[in-house]
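The chain contents come next:
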Amino acid sequence: MGRVEGKVVFITGAARGQGRSHAIRLAQEGADIIGVDICADIATNSYGMATREDLDETVRLVEKEGRRMIASVADVRDPQALKDAVAAGVSALGRLDSVVAQAGICPMGTDDPEAFLDAVTVDLNGVINAVQAAMPHLSKGASIVATGSLAGLVQGSTDNPDNGAGGLGYSWAKRAVASFVHDLSIVLGPKGMRANAVHPTNCNTDMLNSDIMYKIFRPDLDKPTRDDALVAFPAMTNMGVPYVEPQDISDMVLFLLSDESRYVTGMQMRVDAGAYTLRRPQAPAF
Ligand SMILES: NC(=O)c1ccc[n+]([C@@H]2O[C@H](COP(=O)([O-])OP(=O)(O)OC[C@H]3O[C@@H](n4cnc5c(N)ncnc54)[C@H](O)[C@@H]3O)[C@@H](O)[C@H]2O)c1
């Protein structure tokens with residue numbers, strides 16, 4: 001028996017990165033997947049989004065694990081598109097047990113107010129839309145996970161004014177995701193359902209491996225490369241590593257969707273190699 005055997009999980013941003021990793025890891029442990037991804041670029045976001053081919057590759061990798069995946073192209077800013085995608089998935093797979101609302105963008109490096117709004121509507125509204133699309137299909141035992149970020153828990157990261165309007169929007173949206181999940185857990189508790197947030201530090205995906213991130217980490221260089229950024233990345237964590245891998249986040253998601261965590265709810269689960277405690281030392285006990 002897998003740790004999420006027979007469950008059906010709805011994942012946003014499933015085409016690549018952490019979303020693909022979650023789909024594979026959950027499939028390895030017996031889950032079927034309903035997945036969506038925008039598969040199109042967003043103008044204010046300087047690095048590209050996933051493609052339809054990426055989404056198809058996630059389906060192939062899930063099927064390689066012997067599980068099913070119903071995939072649709074949908075923008076998390078479009079509530080009806082998400083409702084349709086979930087309905088199609090439930091009709092094919094028979095049920096829905098869990099949500100991993102994790103599609104995200106980080107449109108840094110521009111002062112365009114649209115970048116602020118895009119970060120908020122994708123990173124916050126997109127989470128709420130995903131939960132809302134799933135809710136009619138969820139019942140006792142359901143588990144919801146939303147992906148925040150260390151950037152929502154500490155100040156002076158993406159919200160540094162030098163990072164532009166989209167960086168501020170990113171931090172604000174991630175803070176709001178943390179708050180949303182906290183209060184969502186209160187209303188879900190009496191129904192026997194749970195909600196938790198996962199907050200990664202630097203994670204080894206296309207979001208981090210982008211020219212704009214290299215520039216944020218190496219403002220001293222004109223056109224820094226990944227090798228240049230690798231020198232600076234470890235300063236983010238407290239364990240000497242430049243980033244965590246998508247699989248590290250997937251293992252936390254797997255725990256939160258499994259019955260092993262059946263009484264874990266309303267939590268802000270950091271997978272950050274000590275990045276948070278480094279910046280937020282605890283006040284002394286009196
Ligand atoms: N990579 C990091 O360093 C890092 C750190 C902290 C938090 N996060 C968060 O982790 C989550 C996953 O990001 P990732 O690291 O895998 O990056 P990624 O860019 O590789 O993956 C994001 C995925 O979301 C999809 N997406 C973006 N906007 C969408 C939309 N409007 N509708 C549907 N799909 C959309 C993209 O196409 C892509 O497949 C995001 O919420 C991100 O903010 C990432």
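Rules of the game
- Residues numbered from 1 in each chain as written.
- Predicted model: local features only at pLDDT ≥ 70, side-chain atom pairs only at ≥ 80, totals over all residues.
- Heavy atoms only, no water.
- Core = buried A, V, L, I, M, F, W, Y, C linked by side-chain atoms within 4.5 Å.
- Buried < 20%, exposed > 50% of the residue type's maximum accessible area, 1.4 Å probe, protein only.
- Contact = heavy atoms within 4.5 Å.
- Near = heavy atom within 4 Å.
- Polar contact = N/O pair within 3.5 Å; in protein donor to acceptor, adjacent residues only side chain to side chain.
- Areas by Shrake-Rupley, 256 points an atom, 1.4 Å probe, with all protein chains shown as cover.
- Nonpolar A, V, L, I, M, F, W, Y, C, P; charged D, E, K, R; others polar.
- Pairing = 2+ DSSP bridges.
- Helix = DSSP H or I, 4+ residues; strand = E, 2+ residues; numbered from the N terminus.
- Axes fitted to C-alpha atoms, helices over the stretch in contact; angles between N-to-C directions.
- Salt bridge = Lys/Arg side-chain N within 4 Å of Asp/Glu carboxyl O.
- Disulfide = S-S within 2.5 Å.
- Parallel < 35°, antiparallel > 145°, perpendicular 65-115°, else oblique.
- Left-handed = near helix turned anticlockwise from the far one by under 90°.

K.L.:
What is the right way to look at the nonpolar core in this model?
P.N.:
In terms of nonpolar packing, the biggest core is built from 61 residues, with Phe-10, Leu-82, Leu-96, Leu-138 and Ile-144 touching the most fellow members. Leaving out residues up to four positions away in the same chain, Leu-82 has contacts with Phe-10, Val-36, Ala-74, Asp-75, Val-76, Gly-126, Asn-129, Ala-130 and Ala-133.

K.L.:
Is there a simple way to think about the site of the ligand in this case?
P.N.:
The immediate surroundings of the ligand are formed by 30 residues, with Arg-16, Asp-37, Tyr-170, Cys-203 and Thr-205 found nearest. Separating an oxygen atom of the ligand from a side-chain N or O atom of Arg-16 is a distance of 2.8 Å. A distance of 2.9 Å separates an oxygen atom of the ligand from a polar backbone atom of Gln-18. Protein chains shield 98% of the accessible area of the ligand, which is 830 Å² for the free molecule. For the shell around the ligand, the per-class residue count stands at 14 nonpolar, eleven polar and five charged.

K.L.:
Hey, could you run me through the sheet that holds strand S5 (residues 143–147) in this one?
P.N.:
By way of backbone hydrogen bonds, the strands of a sheet pair with one another, either parallel or antiparallel. Ordered by their spatial adjacency, seven strands build an open sheet running S3-S2-S1-S4-S5-S6-S7, and the pairing between neighbours is parallel. The open sheet terminates on both sides in strands that have one partner only, identified here as strand S3 (69–73) and strand S7 (268–271). Going across the sheet, the axis of each strand differs from the next one's by a mean of 15 degrees, ignoring polarity. Across five bridges, strand S1 (residues 8–12) lies against strand S2 (residues 32–37) in parallel orientation. Opposite Ile-11, over in S2, you have Gly-35 as the bridge partner. Against the sheet, helix H2 (residues 52–64) engages S2 and S3, with an angle of about 175 degrees to S3. Relative to strand S6 (residues 194–200), helix H8 (residues 246–257) is tilted by about 170 degrees, and along the sheet it contacts S1, strand S4 (98–101), S5, S6 and S7.

K.L.:
How should I be thinking about the pairing of S4 in this particular structure?
P.N.:
Side chains of S4 alternate between two faces, with Ser-98 and Val-100 and Val-99 and Ala-101 buried alike. Bridging between S1 and S4 involves three bridges; their strand directions are parallel. Directly across from Val-9, in S4, lies its bridge partner Ser-98. In the sheet, S4 pairs with S5 via four bridges, with the strands oriented parallel. Note that in S5 the partner of Ala-101 across the bridge is Ala-146.

K.L.:
Just to check I follow, could you spell out the pattern of salt bridges for this structure?
P.N.:
Between side chains of opposite charge, a pair can form when the charged atoms approach closely. All told, the structure shown has 16 salt bridges when counted by the stated rule. Residue Arg-68 pairs with Asp-32 through a salt bridge whose shortest N-O separation is 3.2 Å. With Arg-68 in the loop between H2 and S3 and Asp-32 in strand S2, the pair connects residues that are 36 residues apart, well separated along the chain. Among the ionic pairs, Arg-175 bridges to Asp-159, the shortest N-O distance being 2.6 Å. Highlighted residues: Arg-175 in helix H5 (residues 164–188) and Asp-159 in the loop between S5 and H5, separated in sequence by 16 residues.

K.L.:
Teacher, can you tell me more about the state of the cysteines here?
P.N.:
Any covalent bond linking the sulfur atoms of two cysteines counts as a disulfide. Tallying each qualifying case throughout the model produces zero disulfides. Of all cysteine sulfurs in the structure, the one in Cys-203 sits closest to Cys-39, which takes part in no disulfide; the separation is 19 Å.

K.L.:
What is the right way to look at the packing of helix H4 (residues 113–134) against H5 in this model?
P.N.:
Packing of H4 against H5 brings their axes to within 7 Å, and their N-to-C directions diverge by 20 degrees. Accordingly, the angle class assigned to the pair H4 and H5 is roughly parallel. Classified by chirality, the crossing of H5 by H4 is right-handed. Residues Pro-113, Ala-115, Phe-116, Ala-119, Val-120, Asp-123, Leu-124, Val-127, Ile-128 and Val-131 of H4 form the contact with H5, whose own contacting residues are Ala-165, Gly-166, Leu-168, Gly-169, Tyr-170, Trp-172, Ala-173, Lys-174, Ala-176, Val-177, Phe-180 and Leu-184. Its residues assigned to classes, the contact of H4 with H5 comprises 18 nonpolar, two polar and two charged.

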